[in-house]
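Descriptive structure summary
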2 protein chains.
Amino acid sequence: MKNYIKHHEWNIIEEGFDPHVNQISESIFSIGNGRMGQRANFEEEYSGETLRGSYVAGVYYPDKTRVGWWKNGYPEYFAKVLNAPNWIGIHVSIDNQKLDLAKCKVEEFRRILNMRSGYLLRSFVATLGDGKKVKIESKRFCSMAHGEIGAIRYSITPINFTAKATLSIYVDADVVNKDSNYDEKFWEEVYKEASEGRAIVTAQTKKTFFHVTTGMTYTIESAGKKATFDRVNIEQREKFAGNVIQLDLEQDKETVVYKYAAILSSENHPKDKLVENCKSVLDEASSKGFDKLFEEHEKVWFHKWEECDITIEGDVAAQQGIRFNIFQLTQTYTGDDERLNIGPKGFTGEKYGGSTYWDTEAYCLPFYLATAEQQVARNLLVYRYKHLPKAIENAAKLGFTEGAALYPMVTMNGEECHNEWEITFEEIHRNGAIAYAIFDYVRYTGDEKYLTEYGLEVLIGISRFWAQRVNWSARKNQYVMLGVTGPNEYENNVNNNWYTNTIATWTLKYTLEAVDFVKKDDSQAYQNIVKKTKLKEEEETAKWRDIIDKMYYPEDKHQGVFLQQDGFLDKELLTVKDLRPEDRPLNQKWSWDRILRSCFIKQADVLQGLYFFEDNFDQETIRKNFDFYEPMTVHESSLSPCVHVILASKLGYKQKAYELYLRTARLDLDDYNNDTEDGLHITSMAGTWMSVIKGFGGLRVKDGRLHFNPYVPDQWKSYSFRLEFRGRVVKVKITTDGIETKLESGSPMEIVVKDEVVKIS
Amino acid sequence: MKNYIKHHEWNIIEEGFDPHVNQISESIFSIGNGRMGQRANFEEEYSGETLRGSYVAGVYYPDKTRVGWWKNGYPEYFAKVLNAPNWIGIHVSIDNQKLDLAKCKVEEFRRILNMRSGYLLRSFVATLGDGKKVKIESKRFCSMAHGEIGAIRYSITPINFTAKATLSIYVDADVVNKDSNYDEKFWEEVYKEASEGRAIVTAQTKKTFFHVTTGMTYTIESAGKKATFDRVNIEQREKFAGNVIQLDLEQDKETVVYKYAAILSSENHPKDKLVENCKSVLDEASSKGFDKLFEEHEKVWFHKWEECDITIEGDVAAQQGIRFNIFQLTQTYTGDDERLNIGPKGFTGEKYGGSTYWDTEAYCLPFYLATAEQQVARNLLVYRYKHLPKAIENAAKLGFTEGAALYPMVTMNGEECHNEWEITFEEIHRNGAIAYAIFDYVRYTGDEKYLTEYGLEVLIGISRFWAQRVNWSARKNQYVMLGVTGPNEYENNVNNNWYTNTIATWTLKYTLEAVDFVKKDDSQAYQNIVKKTKLKEEEETAKWRDIIDKMYYPEDKHQGVFLQQDGFLDKELLTVKDLRPEDRPLNQKWSWDRILRSCFIKQADVLQGLYFFEDNFDQETIRKNFDFYEPMTVHESSLSPCVHVILASKLGYKQKAYELYLRTARLDLDDYNNDTEDGLHITSMAGTWMSVIKGFGGLRVKDGRLHFNPYVPDQWKSYSFRLEFRGRVVKVKITTDGIETKLESGSPMEIVVKDEVVKIS
C-alpha cells in the first residue's frame with residue numbers, strides 16, 4: 001500500500017519525481033476514450049524503468065500458448081491486448097544533451113490527472129548536465145469527441161540559457177509486448193511516409209492482420225507566433241517515421257509544440273483507405289487546433305459527469321476514489337461500439353491478456369445500466385450474442401455437443417484463450433453470468449424484446465451446456481456437477497460448487513421463462529429460433545425441468561449454511577484473523593496446495609450467489625451465510641469486497657460495509673495490492689460504484705420500480721448520484737435525514753424507499 | 001500399435017529400412033551399460049528424421065521452468081537428462097558422395113539387438129547416386145566390463161567399384177536437447193585436442209558444471225591388415241574434434257574402422273584429471289582391441305542373464321518380450337553406483353526430464369531385490385537416504401516445518417523439478433512409496449540393520465510430513481487428508497484418496513515399529529538419530545498413534561468397496577467397454593475436465609493399495625474391489641497393468657491376467673502407446689517382470705521365506721526363473737505339472753508352495 005497521491009475532489013495529483021513509483025503513476029494517470037488508451041509515459045526519452053503502453057481497442061494478437069505440460073483441449077493461442085504504435089513521442093535535445101528524466105535533476109515535478117475535463121498535465125524543471133535549466137509543461141488528451149484523435153501541447157521554456165535545440169517528433173510502430181510468450185514482436189510495417197510536418201506509419205499485426213495507421217502532424221509556436229526552424233530533417237527507419245527539427249530556444253521564451261495524432265484501425269476503415277482517412281483526420285485536427293479540440297473533448301466529459309458522477313460530502317479521499325473509478329471506467333468503455341468490451345486492465349496495461357472476462361456481466365453491467373443510455377448496456381449483451389457460435393465451438397472442443405455453448409473465460413473474439421485447466425475447463429460458472437446479465441438487463445430496462453431478438457438463443461446454448469455438464473448420481477438420486485472451479489479460485493476441481501449448481505438451475509428456469517415469453521411475444525420469431533438452434537422443445541425442456549427438480553445443493557442444515565462445495569466442512573475452519581500478517585497475501589506466500597486445502601476464500605462464492613439471487617432467500621439465511629463465510633474471505637480478488645459491501649449493508653453491518661468499501665475504492669490510487677504498476681483494476685471499479693449505489697444506497701429494481709434502502713456511512717455527511725432508468729433521469733441525494741429524489745427528465749414515476757412508495761415527478 | 005519387429009528368443013530384429021519407424025527403432029535398439037547409453041542412431045550422417053541421443057549417467061541440467069501461469073512453490077528449475085556428446089560418429093564419403101541413408105537406395109537393411117551378448121548390429125547395402133554399391137556392417141556396444149568404454153566395428157565393402165573415400169571420425173559436444181525449454185544449448189567447451197589417431201573434447205554443462213570428457217581413438221584395417229592412408233587431416237571446430245582420413249576402397253575388399261570411445265565424467269574423476277584419465281582409458285581400449293573388449297563385455301552379459309533371465313516355453317513373442325524388458329532394465333541400472341537411479345526412459349530418450357520417480361521404489365525395487373546382489377537394491381534405498389535433506393527442503397518450500405520430508409515427484413539431485421501443481425504439490429503418495437520400499441527391502445532381505453543405519457531417519461521425515469498434512473475434521477471427528485492426487489492421475493486435487501490415506505497411516509505404523517526396533521537394536525544409534533532429527537519421541541509418536549487410530553477411509557460398506565476418494569460414487573459409473581474406440585486413449589482424445597469427472601482410471605489406485613497391503617485384507621474384499629475397479633481402468637499408464645496381473649492371478653482370473661500381461665510385455669516392441677520413439681518405458685519393464693514372478697508365479701515373501709502360488713498361463717508350456725534370496729540362489733521352473741525348484745547356491749532353506757512347506761537343498 002502506498003500513499004503518495006494527493007487528495008483532491010476532482011484531480012489526481014502527484015508531486016515530486018520518484019522513479020520508484022513511476023510505473024504505478026503511468027497506470028494511474030492513464031488517459032483514454034474507449035477507442036484507444038495511453039499510459040502516462042513521458043513524451044521525451046526516458047531511460048528509467050517504464051512500461052510503455054498505447055492501446056487500440058479491438059486490436060489483438062494470438063500469441064502461441066505457453067504451458068509446461070500440454071493438456072488436450074488447451075487453446076492453441078492466447079489473444080493478447082497489443083501494445084500499439086507510439087504516438088506521443090517528442091524527443092528533446094538541447095545543445096546535444098538529451099532531455100531524459102532519468103539523467104538530469106528534476107524539480108517541481110507534478111503530474112495531474114484532471115478528471116473533470118479528462119486530461120493529463122505534467123510539468124517540471126529539469127537541470128541538464130551543463131547546468132541548463134528548462135521548464136517543460138505537457139498537456140494531453142485522447143479526444144472523447146473524436147475517438148481517433150490524440151493531442152499534445154508540449155511547452156519548453158529555457159530558464160537560464162539561450163541555445164540550439166533539436167526536437168524529434170515521430171510515430172513509432174516498433175513496439176513490444178512485455179508479456180510476449182516467446183519475445184516476439186507482433187507488428188510488421190505495411191506503409192510509411194514522412195514529409196515536413198507529417199509522418200504516417202501503417203503497421204499490421206502478424207497472424208490477425210489488423211492494420212493500424214498512426215499519423216501525426218504538428219505546429220510549433222515560439223512566444224505565441226509560428227516558430228521558424230533552422231532545418232527539418234525527415235527521419236525514417238523500420239516502422240518509424242518522424243521529423244527532426246532544429247530551432248533556437250530563447251531564455252524565458254516559451255516554445256510550444258502542438259502535436260496531433262490520428263490513430264485509425266482497420267476495424268473501422270477499409271485497409272486501402274487507412275492512409276487517406278488518416279490524412280483527413282490529421283487535417284481536421286490541425287485545422288481545428290488544440291484549444292478547439294480540447295473544448296469539444298471537455299464538453300463530452302462534462303456531459304459524462306452529469307450522467308454518472310457520485311458526489312460525497314465530508315470525505316475528500318472517498319470522493320476522489322469514487323470519481324477515479326468512474327473516470328477510468330468511462331474512458332475504457334463508452335458503449336458506442338458493440339464489438340468492444342471492458343478488459344480487466346482497460347487501456348492501462350497488458351496483464352490478463354484477453355479483453356473480456358465475466359467481470360463485464362457480473363460487475364460492469366449494472367454501472368452502465370444505471371449511468372448510460374440503454375444502448376450501452378445492450379451493446380455489452382449483443383457482444384456476447386455475436387460470440388455465440390464461438391461459444392458453441394469452445395464447448396465442442398471440450399466434448400459437448402448439439403449446440404451447447406461455453407462462453408470463454410478470457411476472450412477477444414469469442415474464442416477461449418486462457419490456459420490453466422482448472423480455470424479454462426472448469427471455471428464454468430462464467431456461463432451463468434452471461435445468462436444472468438440478460439436477466440439483469442431486462443429487469444432494469446424492461447426491454448423484454450431483447451429476449452426475442454437475441455437473448456433466448458444465448459440462453460438455449462448455455463442451458464444445453466448445463467444439461468450436459470451435470471450427471472446423475474445414482475448414490476444421491478440427484479443431479480450433481482463434478483469437477484468445477486467456483487468464483488473462489490482458491491478451490492479447484494471441486495464437486496457441487498453451490499454457486500455453480502445454483503446459477504445452473506437458475507439459468508434453466510430463466511430459459512424456460514424466456515421460451516414461454518418469446519413464444520407469446522412473437523411466435524414467428526420463436527419458430528425461427530427453434531429452427532436455427534434445432535431446439536427439440538419438448539425433450540429438452542423436460543430434461544431441464546428434471547434437472548431443476550432434482551439438483552443437489554450442498555448445505556449444512558445444522559448450521560443453516562450452504563456449503564461452498566462438497567466436503568467444505570472437512571477443512572480446518574479458521575478465520576482471517578488467525579492468519580499471521582506475514583502470510584498475506586496468501587497467493588504470494590503460500591504454495592498452491594496449501595491455499596487449496598485451506599478454508600480461505602479469494603472472493604465471494606456462496607455470497608456471490610446470495611447477492612445475485614437474494615430474493616430467493618430470507619434475511620436470516622443470508623445472515624448465517626455471511627457470518628460463516630465473511631470471516632474466511634481474504635478478498636485477494638479485487639472483485640470480492642463490493643459483493644460483501646452490498647450484503648453487509650443489507651444486513652445492517654455498517655462498519656463492515658465501510659471497511660470493505662475502503663478496500664475497493666482506493667485500490668489503485670493507494671496501490672493496495674502492490675500491482676498497480678501492471679495497470680489499473682478497471683472491472684472492479686464498477687464494483688466500487690455498486691458498493692455505493694447498491695450497498696449504501698440499497699438500490700434494487702423490483703416490479704419495474706427503483707427501490708432504495710439507503711443509509712449514510714458514519715464517515716460521510718451525504719452522497720448523491722444520478723440514475724438513468726427507463727427513459728427517466730433521477731437525481732438522488734442521501735443524507736442522514738433521509739433521501740431526496742428529483743426527476744430530472746422523463747415522465748413521473750413511483751419509487752420505493754424503505755418499502756414505502758413515493759411518487760416523483 | 002506396430003508389428004515390424006521379428007519374433008526371436010534372443011534377438012530383436014528389424015528387416016528392411018523404413019524411415020517412418022526409424023525413431024522407434026532408435027529407441028528399441030538402444031544400448032547401455034548403467035554408466036551411459038546410446039540410442040540406435042547411425043554412425044554415418046543421416047539427414048532424415050532422427051532423435052540423436054547419447055546419455056551419461058548422473059549428468060543433468062537445470063533448465064528454467066516453463067509454465068503458463070506461475071504458482072508459488074513451483075521449482076525454479078527442471079533438472080533434465082542431458083543429451084551428451086556424440087561418440088559414435090563415423091562419416092563416410094565415397095568419391096565425394098556422402099553416405100546418407102536418407103539420400104541413397106538402401107537394401108538388405110537389418111538391425112539386430114543381440115540381447116544375449118549385448119550388442120547392436122546393423123548392416124545394409126547402399127547404392128549411391130552414381131550407382132556405386134557399398135556394403136556396411138556396424139557392430140557396437142557400451143562395455144558392461146568397462147563402464148567408460150564404447151566400441152564400434154564399422155566395416156565398409158565396395159561391391160561394384162574401387163574409389164577414393166573420406167572417413168570423418170570424431171567426437172562432438174555440440175549437441176542439443178530436443179526438450180530444451182528455451183532452445184538453449186546446455187554444453188560449453190572446456191578443452192579439446194586432436195591429433196592423428198585421437199581426438200578429445202571436454203565439455204561442461206552450464207550452471208551445473210559437470211565436465212564430460214569424450215575421447216576417441218581408432219584403427220583401420222583393410223583386407224585384414226593395417227590400412228594405409230593417403231592423408232589424415234585434423235578437424236577441429238567449437239566443441240568438436242576428429243580426424244579426416246583419405247584412403248582407397250578396393251572392390252570386394254573389406255575396410256574396417258575400429259573406433260574406441262572413452263566417456264568420462266567429473267562425477268567419477270577429478271576435473272583436472274579427466275583428459276589424462278581419458279587417454280589412459282583410450283590406451284587400454286585400443287591395446288585390448290575390439291575382440292578382447294567384446295569378449296569381456298559378453299562375459300558380463302552371460303553372467304547377468306544367469307542371474308535374471310526368465311525363460312518361457314511355448315511362446316516366442318512372450319519370451320522375446322520378457323527378455324527385452326530384462327535386457328533394457330539391466331543396461332539402465334547396474335546397482336554399482338548409489339548416486340544413480342532408474343529414469344523412466346533410462347538412456348533411451350529425453351522425455352520425463354528428471355531421472356527418478358516413485359517408479360523406482362514401487363516397481364523396480366522388487367526386480368533388483370530378486371535378481372541382483374542385495375547391495376544393488378540397498379543402493380537404491382541409500383540414494384533416497386542421501387536426498388533426505390533435500391526432501392526436507394522440498395517440504396519446507398510448501399510450508400511444512402520441523403523436519404517433515406517430502407520426496408520429489410521427479411528429481412536428479414533430490415530437489416523437486418516437476419511443475420504441474422496437481423502433481424508436484426499434491427501427488428504426495430510418492431512419499432509413502434519411499435517408506436514402503438524400506439519395508440519391502442527389509443522384508444525380502446532380512447537386513448533389519450538397514451533401519452538403524454539409514455531407514456529410520458527417512459521414516460521419521462516422511463511420518464512428520466503425513467502428521468502435518470492431515471487435518472482434523474470436526475464434522476467427521478476423524479483425520480482427513482484434503483487436496484491430493486493419487487496414483488490415478490486422472491483425478492486431481494481430491495479429498496481422502498483411499499490409497500494415500502492408507503499408505504500414510506501405514507507409514508506411521510511402520511515408523512513406530514522401526515523406532516522400537518532401533519531402540520532395542522542399538523540404543524546409542526537410536527540416541528544419535530533422536531538428536532539428529534530432533535525427535536520429540538513421546539509427543540510425536542503420540543500424535544502418530546492418534547492419526548493411526550482416527551484416520552478416515554472412504555468406503556462404500558454396502559458394496560464392500562473402498563472408495564478411491566470422497567465422492568467417487570457420484571460419478572457416472574461406466575466401464576471401459578462403454579467407451580468408443582475413437583475415444584482412446586482418453587488422454588489424447590478427451591479434454592482434461594472430462595477425464596477428471598469421468599470414472600475412468602489411468603492406473604491402479606485402490607488396487608495399488610490392495611497389492612501393497614494385501615495381507616491386511618481378505619480375498620473377498622480384494623475380489624470386490626478388483627471387480628469394481630478393473631472394468632473402469634484404462635491402463636493409460638505403463639505402470640498399471642502389472643498390478644492388475646498380480647491381483648488377477650491371486651483371484652484366479654487367469655484370462656484377465658494374461659490379457660493384461662500382453663499389454664505390458666511387448667509395450668515398446670510393438671509400440672503399443674504410439675510413443676516409443678520418445679524412448680522406452682524402462683521403469684514399467686520391471687512391472688512386466690513382476691507380472692511373471694509375483695503374478696503367474698505367485699511369489700511372496702512372508703516370515704522370511706519364499707512363498708509360491710504358481711500357475712502357467714494357458715498360452716505357455718512352462719516358464720522358469722532364478723531368484724536371489726538371502727545369500728541363496730534358487731532356480732524355479734513352473735510347468736502345468738507343478739513347480740520344480742533347485743537351490744543353486746547357499747544353505748538349505750524352506751520354501752512354501754501353495755501353503756505347503758518344502759525343503760530345498
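Described below are features of the structure shown in this document. A quick note: this is a predicted structure, and the numbers were derived from the prediction, not measured. (Residues numbered from 1 in each chain as written. Chains lettered and ligands numbered in written order. Predicted model: local features only at pLDDT ≥ 70, side-chain atom pairs only at ≥ 80, totals over all residues. Heavy atoms only, no water.)

1. Looking at unusual backbone geometry
Backbone torsion omega between A:Arg584 and A:Pro585 reads -15°, so that peptide bond is classified as cis. Here A:Pro585 lies in the loop between strand S25 (561–562) and helix H14 (586–589). Unlike most non-glycine residues, A:Lys207 shows phi in positive territory, near 65°. Residue B:Glu402 is not a glycine yet carries a positive backbone phi of 50°. Among the secondary structure elements, B:Glu402 is positioned in the loop between helix H7 (388–397) and helix H8 (421–424). For B:Glu402, a relative accessible area of 60% puts it in the exposed group. (Helix = DSSP H or I, 4+ residues; strand = E, 2+ residues; numbered from the N terminus. Buried < 20%, exposed > 50% of the residue type's maximum accessible area, 1.4 Å probe, protein only.)

2. What to know about the packing of aromatic side chains
In this structure the tally under the stated criterion is 117 aromatic pairs over all chains. Centre to centre, the rings of A:Phe708 and A:Phe721 are 6.5 Å apart; their planes meet at 40°, and the pair counts as tilted. Residue A:Phe708 is located in strand S27 (residues 705–708), and its partner A:Phe721 is located in strand S28 (residues 718–725); the two are separated by 13 residues in the primary sequence. Look at A:Phe708 and you get buried, because its relative accessible area is 2%. The class for A:Phe721 is buried, based on a relative accessible area of 1%. Of the aromatic side chains, those joined through ring pairs into one cluster are A:Tyr436, A:Phe439, A:Tyr499, A:Trp506, A:Tyr510, A:Tyr611, A:Phe612 and A:Phe613. Over the aromatic face of A:Tyr552 sits the side chain of A:Lys476, whose NZ or CZ is 4.5 Å from the ring centroid. Across from the ring centre of B:Phe78, 5.7 Å away, lies the NZ or CZ of B:Lys80, which sits over that ring. (Phe/Tyr/Trp six-rings, centres within 6.5 Å; stacked < 30°, edge-to-face > 60°. Lys NZ or Arg CZ within 6 Å of the ring centre and 35° of its normal.)

3. Quick notes on the pairing of strand S10 (residues 119–127) of chain A
All names here are of chain A. For S10, a buried count of eight out of nine residues is recorded, marking the element as mostly surrounded by other parts of the structure. The pairing of strand S9 (residues 105–114) with S10 spans eight bridges and is antiparallel. The residue bridging Asn 114 from the neighbouring strand is Tyr 119, located in S10. Linking S9 back to S10 in an antiparallel pair, the connection comprises four residues, with Gly 118 at a positive phi of about 75°. Of the strand pairs in this sheet, S10 and strand S11 (residues 133–142) are connected by eight bridges, and their pairing is antiparallel. When the bridges of S11 are listed, Ala 126 appears paired with Val 134. Remark: five residues form the turn of the hairpin made by S10 and S11, two consecutive strands paired antiparallel; Gly 131 in that turn has positive phi of roughly 90°. (Pairing = 2+ DSSP bridges.)

Function cannot be read off these values alone, since they describe shape.
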